[in-house]
Structures are given as C-alpha cells and as structure tokens.
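Coordinates in review
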Amino acid sequence: MKVLIAGGAGFIGSTVASACLDDGIVPVVLDNLVTGRGEFVRERIFYQGDIADGALVDKIFAEHPDIDAVVHAAAMIVVPESVEHPLRYYRENVAKSVEFVEHVLRNRCSRYLFSSSASIYRPGEDLSVDETSPLEPLSPYARTKVVMEQMLADCAHAYDLRVLSLRYFNPVGADPLLRTGLQTRHPSHLLGKLVTAVEEDEEFLLTGVDWPTRDGSAIRDFIHVWDLAEAHVRALRRFDAILPPGGEDPYQVINLGTGHGTTVREFVAAFQAVCEKPLRVRETGPRPGDSVGCYTRSERARELLDWTARFSIADAVRHSLRWAEVRDTVLPA
Ligand SMILES: NC(=O)c1ccc[n+]([C@@H]2O[C@H](COP(=O)([O-])OP(=O)(O)OC[C@H]3O[C@@H](n4cnc5c(N)ncnc54)[C@H](O)[C@@H]3O)[C@@H](O)[C@H]2O)c1
C-alpha cells in the first residue's frame, strides 16, 4: 500500500508517515515546509511544494501511480494567528484545498483522509461530545475545518471520492522512537508550555480556574500523537470496509480522542509526577478566547477502526521531555 501524505513534514503528518512505514505502508510526502521540517522527510519519498500546485501533484501521481489513498494533514494551525489573518487561513486551508481535491480527483485517487479538529464542537452540559454533537467553531481556524468538511462531503456525493474526516482532539507527546516531535521550540499548547517552563526555569501560568469542571480548570482530551498516527493506519487498512466503493454514504466522520477528559490541573500533576525538575505554577484568569473544552465519547472509533488510545498522559510527558532533549540535535536551528 502507498499513501500520499500532504503535510507529511509537519508534527502530525510526519508521525503518521512513521506509523505507516512501521506497518509496511509506503508514505509519499508532499509539503511546502512552511512549518514542516526537511529533517523529518530525509529518508522518505518527498516532494517539496504546495498542495495547490497541480503540475506537481500530477508529477507525483505519474511517478507513483500505485498511490492508494491521500492523507490531507497540510494546513495552517495557529488559532490567534487565524483571528488576525483570516484571509491567509481561508486561502491556505480552504482555497488551496479546493485546488488540491481537484488535483487528487483528476488523478483518480478516491480514498481521502482529512485532518479535522475537535475545536469545531459545542460541548454539551457534561462536556463530552460525539460525532453527532452540534458544531460551534469559534475561530477562523476552526471555521476553515467546518467549511472543508462540508466541501468534502459535497464532493464525496458528487464525484468518485470517499472521505473520512478525522476530528483530532488534543495531540500531545512525540514519536516514542524520537524520529519526530513538535518542531517548534516554544509550542503554545499546554504540554509545550510545561516543558518550556522547566527547561528555561520560568513560571507556568495556569490560566482559568473558574470553569464548570471538577476542579475549576479547563478540560481536554489529550491524545498521544502516536495513538493518533496508529488510528490513521487503521483507517487506511480498513478504508474500503468503512466506506465501500459505491456505498450509500461516501462521507464519514470519526473522533480521535482517548474518551477521557483530563483537567489542566490533573495534567499538571501528571507532568510533575514524571518530570524531575521543579515546576513553579501561578494561577491566573483565562486568556481571551479560552474555552472550557470537551472530550469525546469514542464508540465510533472503537467500532469502525477497532482502535482505542493506549498511551497515558505520563507516557506523553515522558516522550515530550525526551524529545525536548534531542530536538536541537534532530532539528538544528
Ligand atoms: N496540532 C494540533 O493540535 C491539531 C489538532 C487538531 C487538528 N490538527 C490538524 O492536523 C493537521 C496537522 O497539524 P500539525 O499539528 O501537524 O501542524 P504542522 O504545522 O506541524 O503541520 C502542517 C504541515 O502542513 C504543511 N503545509 C501547510 N500548508 C501547506 C500547503 N499549502 N502546501 C503544502 N504543505 C503545507 C506545513 O509545512 C506542515 O509541514 C492540520 O490539518 C491541523 O489543522 C492539529
């Protein structure tokens, strides 16, 4: 089996590529390296360029006519940046994706896995969601995901295309074999900030302690990036069983999370239990745009993919700390 991974030099795409390789699936990576890293594709089949570049996509399919499926993980992903520069986000995440889908269709590839996001949900009262929960995307970034999902569903009904939209919850950790990890030195999400705080002996700000959760801090569904990557392998292997050719509905959504909510305080405690260095925590109010969060009920992933997350938060912390130690060697500045 061979799979084209758009965005395969990024954090998630490169991990998916490693999981594919480990399972005997050959990844072919297309990435413009806007945030991805050449080091992550060094010994892999790699085409540097944009998903909107039709000539390049044609060249890839001409050189690899045996590509069975596409994983579309290429996107811009920084929420505050999307608020400041919405046009850039609609151009990169939507307009270019319209082009890309057209290129994929022209090359007669009919299996499409899309990287969507849990940030599109409106959580219910108990803060859990499933694939049927109402949507309420609160940022331009999240809205680009909703537009993309709707566009892909329309295309799946109109053309020879079957689409699995995978809604990721909160990816954490790094490849346990440390081939890849977060490429940024100062990541803006929780675990990244905790690692930075201990690495650089800074205070960690626990923002928002009055949310309607068991301990007042926000809740998330933290999923180890390797579990996420393995779910893609399952989705690729089972694609035709989940979405049979000529089937009634050629579009399906699957949430990828652990099925458990973890509060920020609980996460910080898990971090402190693993990390030997001291952590100074200061509690403050929420930042603008913060939300209470949600976690998924994961029956559909279990049923369709025969998959559940197996790594713990402690594993993710351990792998992230180890990645932080080797990151500057793997990715010199
Ligand atoms: N990281 C998260 O917390 C998270 C959560 C939910 C969903 N997602 C989704 O997962 C996907 C991957 O995210 P990530 O965390 O790996 O981000 P990332 O920035 O590490 O990876 C994105 C990759 O896409 C490439 N890219 C961007 N625009 C491109 C274009 N026009 N043409 C070719 N390549 C392009 C970048 O160079 C990068 O390698 C994205 O679609 C993102 O929206 C991420």
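What you are looking at is a predicted structure, and each value in this text was computed from that prediction instead of being measured.

Parameters at a glance
- Residues numbered from 1 in each chain as written.
- Predicted model: local features only at pLDDT ≥ 70, side-chain atom pairs only at ≥ 80, totals over all residues.
- Heavy atoms only, no water.
- Phe/Tyr/Trp six-rings, centres within 6.5 Å; stacked < 30°, edge-to-face > 60°.
- Helix = DSSP H or I, 4+ residues; strand = E, 2+ residues; numbered from the N terminus.
- Buried < 20%, exposed > 50% of the residue type's maximum accessible area, 1.4 Å probe, protein only.
- Pairing = 2+ DSSP bridges.
- Axes fitted to C-alpha atoms, helices over the stretch in contact; angles between N-to-C directions.
- Contact = heavy atoms within 4.5 Å.
- Near = heavy atom within 4 Å.
- Polar contact = N/O pair within 3.5 Å; in protein donor to acceptor, adjacent residues only side chain to side chain.
- Areas by Shrake-Rupley, 256 points an atom, 1.4 Å probe, with all protein chains shown as cover.
- Nonpolar A, V, L, I, M, F, W, Y, C, P; charged D, E, K, R; others polar.

Details of the packing of aromatic side chains
According to the stated counting rule, one finds four aromatic pairs in the structure shown. Aromatic pair Phe-100 and Tyr-112: ring centres 6.3 Å apart, planes at 55 degrees, arrangement tilted. Residue Phe-100 is located in helix H4 (residues 86-106), and its partner Tyr-112 is located in strand E5 (residues 111-117); the two are separated by 12 residues in the primary sequence. Residues Phe-100 and Tyr-112 agree in their burial class; the two are buried. Taking the centre distance of 6.3 Å and the plane angle of 25 degrees together, the rings of Tyr-121 and Phe-169 count as stacked. With Tyr-121 in the loop between E5 and strand E6 (128-129) and Phe-169 in the loop between strand E7 (162-168) and strand E8 (170-172), this residue pair connects regions lying 48 residues apart in the sequence.

So, the sheet that holds strand E12 (residues 251-256)
Reading across from one edge, E3-E2-E1-E4-E5-E7-E12 is the order of the seven strands in this open sheet, with parallel pairing throughout. The sheet is open, and its two borders are formed by strand E3 (45-48) and E12, each paired with just one other strand. Going across the sheet, the axis of each strand differs from the next one's by a mean of 20 degrees, ignoring polarity. Contacts from helix H1 (residues 11-22) reach strand E1 (2-6), strand E2 (26-31) and E7, with the element oriented near 170 degrees to E1.

Here's the deal with the site of the ligand
Contacts to the ligand come from 29 residues, most closely from Ile-12, Asp-31, Thr-35, Tyr-141 and Gln-183. A distance of 3.0 Å separates an oxygen atom of the ligand from a polar atom in the backbone of Gly-36. One of the side-chain nitrogen or oxygen atoms of Lys-145 is found 2.9 Å away from an oxygen atom of the ligand. Protein contacts shield 93% of the accessible area of the ligand, which totals 820 Å² for the unbound molecule. Among the secondary structure elements, those contributing two or more residues to the shell around the ligand are H1, H4, E5 and helix H5 (140-158). For the shell around the ligand, the element with the most residues is E5, which contributes three residues. Along the lines of polarity and charge, the residues of the shell around the ligand split into 14 nonpolar, 10 polar and five charged.

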